[in-house]
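Secondary and tertiary structure notes
The primary structure of each chain is shown beneath.
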Amino acid sequence: MDEEHLAALRAKFPLPDDQPDDVVNRTLIAEAMDVSANTITQYLQKGMPCQTVGGNGKDYEFRLADCYAWRMEMDAEARERRVAGAAAAAQMALLFRNDDDGDGSPGVVLTARQIMEESEADYKRNRAAEMRRDLVRTHRVQELFEDVLVEFRTQITTLVDFSEMEFGLTPEQVDVLQRRCDGALIQARRSLEQVTAQGDVVPFREEQESLPV
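Residues numbered from 1 in each chain as written. Predicted model: local features only at pLDDT ≥ 70, side-chain atom pairs only at ≥ 80, totals over all residues. Heavy atoms only, no water.

**A word on the side chain of Thr-52**
The criterion, for reference: Helix numbers and strand numbers start at the N terminus; a helix is a DSSP run of H or I with at least 4 residues, a strand a run of E with at least 2. Between buried and exposed lies partly exposed: a residue is buried under 20% and exposed over 50% of the maximum accessible area for its type, with that area taken using a 1.4 Å probe on protein chains only. Each polar contact in these results corresponds to two N or O atoms within 3.5 Å; when the atoms are within protein, one needs to be able to donate a hydrogen and the other to accept it, and residues that are neighboring in sequence are counted only if both atoms are side-chain atoms. Whether two residues are in contact is decided by their heavy atoms: any pair within 4.5 Å suffices.
By the element assignment, Thr-52 lies in the loop between helix 3 (37-46) and strand 2 (61-63). Its relative accessible area of 16% is what places Thr-52 among the buried residues. Looking at Thr-52, its side chain comes within polar contact range of the side chain of Glu-61, at 2.8 Å. The residues touching Thr-52, leaving out its near neighbours within four places in the chain, are Lys-58, Asp-59, Tyr-60 and Glu-61.

**Structural notes on the pattern of salt bridges**
The condition that has to hold: Any Lys or Arg side-chain nitrogen found within 4 Å of a carboxyl oxygen on Asp or Glu counts as a salt bridge.
Applying the stated criterion to the full structure yields 6 salt bridges. The partner of Glu-3 in a salt bridge is Arg-10, with the nearest N and O atoms 2.6 Å apart. On the accessibility criterion, Arg-10 (17% relative accessible area) is buried. Here Asp-75 makes a salt bridge to Arg-71, at a shortest N to O gap of 3.5 Å. A residue pair is termed a helical-turn pair when its members lie 3 or 4 positions apart in one helix, as Asp-75 and Arg-71 do in helix 4 (residues 64-100) at 4 residues.

**Brief notes about the confidence of the model for the protein**
Here is the rule we go by: Within a predicted model, pLDDT stands for the predictor's per-residue confidence, ranging from 0 to 100.
A residue-level look at the protein finds 77% of positions with pLDDT of 70 or above and a mean pLDDT of 78. Considering only residues more than four positions removed or in separate chains, one finds that residues 198-213, a stretch of pLDDT under 50, has 26 contacts.

**A closer look at the packing of aromatic side chains**
The condition that has to hold: Working definition: a ring pair exists when centres of Phe, Tyr or Trp rings (six-membered ring for Trp) sit within 6.5 Å. Plane angles under 30 degrees give stacked, over 60 give edge-to-face, the rest tilted.
One pass over the full model with this rule turns up 3 aromatic pairs. Judged by centre distance (6.2 Å) and plane angle (15 degrees), the rings of Tyr-60 and Phe-62 are stacked. With relative accessibility at 25%, the residue Tyr-60 sits in the partly exposed group.

This is the structure in C-alpha coordinates:
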(Lines give C-alpha, C1' and ligand atoms only; values in the text may rest on other atoms or scores of the structure.)
Protein backbone atom coordinates (compact mmCIF):
# COMPACT_ATOMS: atom_id res chain seq x y z
CA MET A 1 0.00 0.00 0.00
CA ASP A 2 1.57 3.30 -1.08
CA GLU A 3 1.83 6.42 1.04
CA GLU A 4 -0.81 8.29 -0.96
CA HIS A 5 -3.37 5.57 -0.26
CA LEU A 6 -2.38 5.48 3.41
CA ALA A 7 -2.72 9.26 3.69
CA ALA A 8 -6.22 9.04 2.21
CA LEU A 9 -7.16 6.30 4.69
CA ARG A 10 -5.80 8.29 7.64
CA ALA A 11 -7.80 11.32 6.51
CA LYS A 12 -10.95 9.23 6.19
CA PHE A 13 -10.47 7.37 9.46
CA PRO A 14 -8.31 9.52 11.77
CA LEU A 15 -7.29 8.36 15.22
CA PRO A 16 -9.55 9.63 18.01
CA ASP A 17 -8.41 12.94 19.48
CA ASP A 18 -7.26 11.35 22.73
CA GLN A 19 -5.26 8.60 20.98
CA PRO A 20 -1.60 9.46 20.30
CA ASP A 21 0.09 8.06 17.22
CA ASP A 22 3.29 6.05 17.48
CA VAL A 23 5.35 3.32 15.82
CA VAL A 24 5.16 0.01 17.70
CA ASN A 25 6.36 -3.56 17.32
CA ARG A 26 4.35 -6.68 16.52
CA THR A 27 3.52 -7.47 20.14
CA LEU A 28 2.26 -3.97 20.88
CA ILE A 29 0.17 -3.67 17.71
CA ALA A 30 -1.54 -6.95 18.64
CA GLU A 31 -2.23 -5.53 22.09
CA ALA A 32 -3.44 -2.22 20.64
CA MET A 33 -5.84 -3.97 18.24
CA ASP A 34 -6.90 -6.45 20.93
CA VAL A 35 -6.00 -9.50 18.84
CA SER A 36 -3.39 -12.26 18.97
CA ALA A 37 -0.04 -12.33 17.19
CA ASN A 38 -1.49 -14.98 14.85
CA THR A 39 -4.26 -12.57 13.87
CA ILE A 40 -1.66 -9.89 13.10
CA THR A 41 -0.05 -12.38 10.69
CA GLN A 42 -3.45 -12.85 9.03
CA TYR A 43 -3.92 -9.07 8.84
CA LEU A 44 -0.54 -8.71 7.16
CA GLN A 45 -1.57 -11.30 4.57
CA LYS A 46 -4.73 -9.27 3.94
CA GLY A 47 -2.71 -6.09 3.37
CA MET A 48 -2.44 -4.33 6.72
CA PRO A 49 0.25 -1.63 6.34
CA CYS A 50 3.62 -2.34 7.92
CA GLN A 51 6.16 0.46 8.29
CA THR A 52 9.14 -1.89 8.63
CA VAL A 53 9.13 -5.53 7.53
CA GLY A 54 10.78 -7.75 10.10
CA GLY A 55 12.78 -10.94 9.82
CA ASN A 56 16.23 -12.31 10.64
CA GLY A 57 16.18 -10.79 14.12
CA LYS A 58 14.65 -7.51 12.95
CA ASP A 59 11.33 -6.46 14.49
CA TYR A 60 8.24 -5.60 12.47
CA GLU A 61 7.18 -1.99 13.00
CA PHE A 62 3.66 -0.62 12.64
CA ARG A 63 2.28 2.89 12.73
CA LEU A 64 -0.85 3.03 14.90
CA ALA A 65 -2.65 5.55 12.67
CA ASP A 66 -2.07 3.39 9.57
CA CYS A 67 -3.29 0.19 11.20
CA TYR A 68 -6.32 1.90 12.76
CA ALA A 69 -7.39 3.42 9.44
CA TRP A 70 -6.84 0.12 7.60
CA ARG A 71 -8.91 -1.80 10.16
CA MET A 72 -11.72 0.77 10.06
CA GLU A 73 -11.76 0.57 6.26
CA MET A 74 -11.92 -3.23 6.40
CA ASP A 75 -14.80 -3.09 8.89
CA ALA A 76 -16.65 -0.55 6.73
CA GLU A 77 -16.26 -2.69 3.62
CA ALA A 78 -17.51 -5.76 5.51
CA ARG A 79 -20.60 -3.83 6.66
CA GLU A 80 -21.28 -2.65 3.11
CA ARG A 81 -21.09 -6.23 1.84
CA ARG A 82 -23.54 -7.36 4.51
CA VAL A 83 -25.90 -4.51 3.66
CA ALA A 84 -25.73 -5.29 -0.07
CA GLY A 85 -26.46 -8.94 0.64
CA ALA A 86 -29.37 -8.05 2.92
CA ALA A 87 -30.82 -5.70 0.28
CA ALA A 88 -30.58 -8.38 -2.40
CA ALA A 89 -32.19 -10.95 -0.11
CA ALA A 90 -35.00 -8.52 0.77
CA GLN A 91 -35.62 -7.85 -2.92
CA MET A 92 -35.85 -11.56 -3.67
CA ALA A 93 -38.13 -12.07 -0.67
CA LEU A 94 -40.42 -9.44 -2.19
CA LEU A 95 -40.58 -11.42 -5.43
CA PHE A 96 -41.49 -14.61 -3.59
CA ARG A 97 -44.13 -12.84 -1.52
CA ASN A 98 -45.68 -11.43 -4.67
CA ASP A 99 -45.83 -14.94 -6.11
CA ASP A 100 -46.94 -16.85 -3.04
CA ASP A 101 -49.18 -14.59 -0.93
CA GLY A 102 -52.82 -15.21 -1.46
CA ASP A 103 -53.76 -11.52 -1.47
CA GLY A 104 -50.80 -10.47 -3.61
CA SER A 105 -49.62 -8.05 -0.94
CA PRO A 106 -45.83 -7.59 -0.92
CA GLY A 107 -45.71 -6.80 2.82
CA VAL A 108 -43.13 -4.49 4.34
CA VAL A 109 -39.65 -4.51 2.74
CA LEU A 110 -36.89 -2.19 3.91
CA THR A 111 -35.16 0.01 1.38
CA ALA A 112 -31.40 -0.22 0.91
CA ARG A 113 -30.99 3.03 2.90
CA GLN A 114 -33.13 1.70 5.76
CA ILE A 115 -31.12 -1.51 5.79
CA MET A 116 -27.89 0.52 5.90
CA GLU A 117 -29.18 2.64 8.81
CA GLU A 118 -30.34 -0.45 10.68
CA SER A 119 -27.01 -2.16 10.06
CA GLU A 120 -25.09 0.86 11.34
CA ALA A 121 -27.27 0.97 14.46
CA ASP A 122 -26.72 -2.74 15.06
CA TYR A 123 -22.97 -2.29 14.62
CA LYS A 124 -22.87 0.53 17.18
CA ARG A 125 -24.95 -1.46 19.66
CA ASN A 126 -22.69 -4.49 19.23
CA ARG A 127 -19.54 -2.39 19.61
CA ALA A 128 -20.91 -0.84 22.81
CA ALA A 129 -21.83 -4.29 24.12
CA GLU A 130 -18.37 -5.54 23.20
CA MET A 131 -16.74 -2.69 25.13
CA ARG A 132 -18.88 -3.67 28.16
CA ARG A 133 -17.75 -7.29 27.53
CA ASP A 134 -21.35 -8.42 27.11
CA LEU A 135 -20.28 -9.68 23.66
CA VAL A 136 -17.10 -11.50 22.69
CA ARG A 137 -15.99 -12.08 19.12
CA THR A 138 -15.68 -15.70 18.12
CA HIS A 139 -12.09 -15.33 16.90
CA ARG A 140 -11.07 -14.12 20.36
CA VAL A 141 -12.77 -17.10 21.98
CA GLN A 142 -11.01 -19.34 19.47
CA GLU A 143 -7.62 -17.77 20.22
CA LEU A 144 -8.20 -18.33 23.94
CA PHE A 145 -9.16 -21.95 23.35
CA GLU A 146 -6.17 -22.46 21.07
CA ASP A 147 -3.80 -21.18 23.76
CA VAL A 148 -5.44 -23.36 26.40
CA LEU A 149 -5.43 -26.34 24.06
CA VAL A 150 -1.71 -25.98 23.34
CA GLU A 151 -0.92 -26.00 27.06
CA PHE A 152 -3.36 -28.85 27.63
CA ARG A 153 -1.77 -30.88 24.83
CA THR A 154 1.71 -30.27 26.26
CA GLN A 155 0.68 -31.45 29.71
CA ILE A 156 -1.34 -34.45 28.64
CA THR A 157 1.24 -35.77 26.18
CA THR A 158 3.82 -35.93 28.99
CA LEU A 159 1.35 -37.49 31.43
CA VAL A 160 1.78 -41.02 30.08
CA ASP A 161 5.58 -41.06 30.41
CA PHE A 162 5.38 -39.43 33.83
CA SER A 163 2.83 -41.97 35.08
CA GLU A 164 4.81 -44.90 33.69
CA MET A 165 7.95 -43.84 35.54
CA GLU A 166 6.27 -42.55 38.70
CA PHE A 167 3.88 -45.47 39.27
CA GLY A 168 5.63 -48.31 37.45
CA LEU A 169 2.76 -48.98 35.06
CA THR A 170 2.69 -52.15 33.00
CA PRO A 171 2.71 -51.90 29.18
CA GLU A 172 -1.00 -52.72 29.16
CA GLN A 173 -1.74 -49.93 31.65
CA VAL A 174 0.39 -47.51 29.63
CA ASP A 175 -1.60 -48.38 26.50
CA VAL A 176 -4.91 -47.80 28.28
CA LEU A 177 -3.73 -44.44 29.64
CA GLN A 178 -2.38 -43.41 26.23
CA ARG A 179 -5.70 -44.12 24.54
CA ARG A 180 -7.51 -42.21 27.26
CA CYS A 181 -5.26 -39.17 26.82
CA ASP A 182 -5.64 -39.29 23.03
CA GLY A 183 -9.40 -39.35 23.45
CA ALA A 184 -9.26 -36.32 25.74
CA LEU A 185 -7.28 -34.36 23.12
CA ILE A 186 -9.75 -35.29 20.39
CA GLN A 187 -12.71 -34.25 22.54
CA ALA A 188 -11.03 -30.95 23.40
CA ARG A 189 -10.57 -30.18 19.70
CA ARG A 190 -14.22 -31.04 18.98
CA SER A 191 -15.35 -28.77 21.79
CA LEU A 192 -13.28 -25.93 20.31
CA GLU A 193 -14.84 -26.44 16.87
CA GLN A 194 -18.35 -26.49 18.32
CA VAL A 195 -17.81 -23.24 20.22
CA THR A 196 -16.26 -21.36 17.29
CA ALA A 197 -18.61 -22.44 14.51
CA GLN A 198 -21.54 -20.22 15.49
CA GLY A 199 -20.68 -16.84 13.89
CA ASP A 200 -18.60 -13.70 14.34
CA VAL A 201 -19.85 -12.64 17.76
CA VAL A 202 -21.14 -14.74 20.66
CA PRO A 203 -22.70 -13.62 23.96
CA PHE A 204 -20.05 -13.52 26.69
CA ARG A 205 -22.17 -15.42 29.17
CA GLU A 206 -22.87 -18.18 26.64
CA GLU A 207 -19.13 -18.36 25.98
CA GLN A 208 -18.47 -18.90 29.67
CA GLU A 209 -21.07 -21.64 29.85
CA SER A 210 -19.41 -23.35 26.87
CA LEU A 211 -16.02 -23.59 28.53
CA PRO A 212 -15.09 -27.19 29.40
CA VAL A 213 -15.17 -28.05 33.07
